[in-house]
Amino acid sequence: MEQVKIGFLGAGNMGSAIMRGIAGSKLSEQVALYAYDHMPEKTAALAEIGVTACTSEAEIVKQCKYVFLAIKPQQFEATLPKLADGITEDTVIVSIAAGMTPDYIRSQTKPNAKVIQVMPNTPLLLGKGATALSRIDAVTDEEFAFVEQLFALCGVTAVLPLNKMAEVIAINGSSPAFIYLFAKGFLDYAKEVGISEEAAKQLFAQSLIGSAAMLTDSGYDVDTLIQQVSSPGGTTLAGLDALYEGKLEDTVKDACRRCTKRAYELSK
């Protein structure tokens, strides 16, 4: 069986994580991986898992059916025109950059290019990612299923309408940073009261993991889960009062709105 050729423009953390996930999976024998990065040492580091280094963006497009754009949004304007001549009716472009829409990618490459828009997150580095995907009509069901399968190797996936891909960035793409900031408050408090950082990190991280499992597997809605932890007149309610007074929910929603606004700005 002929191998499917997958190329990556950019071999940074996210691109490398996806390549390592593919190389270590049951699909490894079915695919051939290629990569180009303006820092050759990044692609050289991937040789051990069978990634072939390319010398240019054009070579990636010439070699591969699936072309992953694993570069920063600010690099798209300079990079996309270099791909245009090599894109054919078989080429599938997969963008993992925030705010980079299929319309924009087509405007800078070819108007009929096949594009899949993807929003992964950094836990993908540990095989525990959460990835949202969407596509334009030109992409076949088979092509889309193949790309979704690649991200499923590194975590969970969800298929969304194209017009929600900017909004979802706050939900899964940026939310790890918001969660880490939330966690920092607990760890800083632990330090203030003399609890070791290691113990606090273990206990709080496991609380996050357990709470996440309760959200997905318990069958209870969020409000019920909050009530289950909140005994009348108890410690949890005392703490919740401070969070309500600080308008935590409103602050989170404002962070999400600002995240989405920036995504639309980047797509222009």
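Residues numbered from 1 in each chain as written. Predicted model: local features only at pLDDT ≥ 70, side-chain atom pairs only at ≥ 80, totals over all residues. Heavy atoms only, no water.

**Some details on the pairing of strand 2 (residues 31-36)**
Quick note on the threshold: Exposure categories follow from relative accessible area, calculated using a 1.4 Å probe and restricted to protein chains: below 20% of the type maximum is buried, above 50% is exposed, and the middle band is partly exposed. Per the convention used, a helix needs a DSSP run of H or I reaching at least four residues, while a strand needs a run of E reaching at least two, with both numbered from the N terminus. Should DSSP find at least two bridges between two strands, the strands are regarded as paired. Here the term right-handed applies to a crossover when the path leading from its first strand over the helix to its second strand runs clockwise, the strands being oriented away from the viewer.
Across the six residues of strand 2, six count as buried, placing the element largely inside the fold. Side-chain alternation along strand 2 places Val-31, Leu-33 and Ala-35 on one buried face and Ala-32, Tyr-34 and Tyr-36 on a second face that is also buried. Pairing analysis gives six bridges linking strand 1 (residues 4-9) to strand 2, with the strands arranged parallel. Across the sheet, Ile-6 pairs through a bridge with Leu-33, a residue of strand 2. In the classification by handedness, the crossover that spans strand 1, the intervening helix 1 (residues 13-23) and the parallel strand 2 is right-handed. Two elements, strand 2 and strand 3 (residues 52-53), share two bridges in a ladder whose sense is parallel. Paired with Tyr-34 across the strands is Thr-52, a residue of strand 3.

**Observations regarding a nonpolar patch on the surface**
Heads up, the rule is: Here a patch means residues that are over 30% exposed by relative accessible area and free of salt bridges, tied together within 9 Å if like-charged and within 5 Å if nonpolar (Val, Leu, Ile, Met, Phe, Trp, Tyr). Surface exposure here means Shrake-Rupley accessible area, sampled with a 1.4 Å probe, where a residue is shielded only by the protein chains that are shown. Think of a salt bridge as a Lys or Arg side-chain nitrogen and an Asp or Glu carboxyl oxygen that are within 4 Å of each other.
On the surface, Phe-182, Phe-186, Leu-243, Leu-248 and Val-252 cluster together into a nonpolar patch covering about 390 Å² of accessible area. At the level of elements, helix 8 (175-192) and helix 12 (248-266) are the ones that each hand at least two residues to the nonpolar patch. Among the structural elements, Leu-248 can be located in helix 12. Overall, the relative accessible area of 33% leaves Leu-248 in the partly exposed class.

**Some remarks on the pairing of strand 8 (residues 155-159)**
Bridge analysis of strand 7 (residues 129-135) against strand 8 gives five bridges, and the strand direction is parallel. Along strand 8, the bridge assignment pairs Leu-133 with Val-159.

**Side note on the pattern of salt bridges**
Across all of its chains, the model carries nine salt bridges by this definition. One salt bridge connects Glu-48 with Arg-20, and the closest N-O pair in it is separated by 3.5 Å. With Glu-48 in the loop between helix 2 (40-44) and strand 3 and Arg-20 in helix 1, this pair connects stretches of sequence that are 28 residues apart. When its relative accessible area of 65% is taken as the criterion, Glu-48 is described as exposed. What makes Arg-20 partly exposed here is its relative accessible area of 38%.

**A few points about the packing of aromatic side chains**
What counts here: For Phe, Tyr and Trp, rings pair up if their centres lie within 6.5 Å, where Trp contributes its six-membered ring, and each pair is then called stacked (planes under 30 degrees apart), edge-to-face (over 60) or tilted (otherwise).
A full pass over the atoms with the stated rule returns six aromatic pairs. The interplanar angle of 35° and the centroid separation of 5.9 Å between the aromatic rings of Phe-68 and Phe-151 together place this pair among those described as tilted. You can see Phe-68 sitting in strand 4 (residues 66-69) and its partner Phe-151 sitting in helix 6 (residues 141-152), a full 83 residues away along the chain. For Phe-151, a relative accessible area of 1% translates into the label buried. Ring plane angle 75° and centroid distance 5.0 Å describe the contact between Phe-182 and Phe-186, whose orientation is recorded as edge-to-face. Of this pair, Phe-182 and Phe-186 both sit in helix 8, four residues apart, roughly one helical turn. Judged by relative accessible area, Phe-182 falls into the partly exposed class, the value being 36%. Among the aromatic residues, ring-to-ring pairing joins Phe-8, Phe-68 and Phe-151 into one connected group.

**Observations concerning the nonpolar core**
This is how the line gets drawn: Within this scheme, the nonpolar core is defined by two criteria: the residues are buried Ala, Val, Leu, Ile, Met, Phe, Trp, Tyr or Cys, and they are joined through side-chain atoms within 4.5 Å. Residues are treated as being in contact if the distance between any of their heavy atoms lies within 4.5 Å.
In this structure, Ile-6, Phe-8, Phe-68, Leu-69, Phe-76 and Phe-151 are the most contacted members of the largest nonpolar core, which totals 54 residues. The element contributing the most residues to this core is strand 2, with six residues. The residues touching Phe-76, leaving out its near neighbours within four places in the chain, are Leu-69, Ile-71, Pro-81, Ser-95, Ala-97, Met-100, Tyr-104 and Ile-105. Counting 10 residues, the second-largest nonpolar core is a separate cluster that includes Met-165, Ala-166, Ile-169 and Cys-259.

**Overview of a negative patch on the surface**
Selection criterion: Neither His nor the chain termini are counted; the positive set is Lys and Arg, and the negative set is Asp and Glu. A charge is said to be at NZ when it belongs to Lys, at CZ for Arg, at CG for Asp and at CD for Glu.
Taken together, Asp-221, Asp-223, Glu-249 and Asp-250 make up a surface patch of like negative charges. Examined against the element boundaries, Asp-223 turns out to sit in helix 10 (residues 222-229).

**Digging into the layout of surface pockets**
Counted only if it meets this: The pocket and cavity definitions rest on a 1 Å grid over protein atoms only: a 1.4 Å probe that fits but cannot leave marks a cavity, an open set with protein on both sides within 12 Å along at least five of seven lines marks a pocket, and residues lining either have an atom within 4 Å of a point. Grid points are joined across faces, edges and corners, and a volume is the space filled by probe spheres set on the points.
Its boundaries defined by the atoms lining it, the second largest pocket holds a volume of some 920 Å³. Lining the second largest pocket are 38 residues, and of these Met-14, Ala-70, Ile-71, Lys-72 and Pro-73 lie nearest its centre. Looking at the lining of the second largest pocket, the elements with two or more residues in it are helix 1, helix 4 (76-79), helix 7 (168-173), helix 8 and helix 12. A total of four residues in the lining of the second largest pocket trace back to one element, the largest contributor, which is helix 12.

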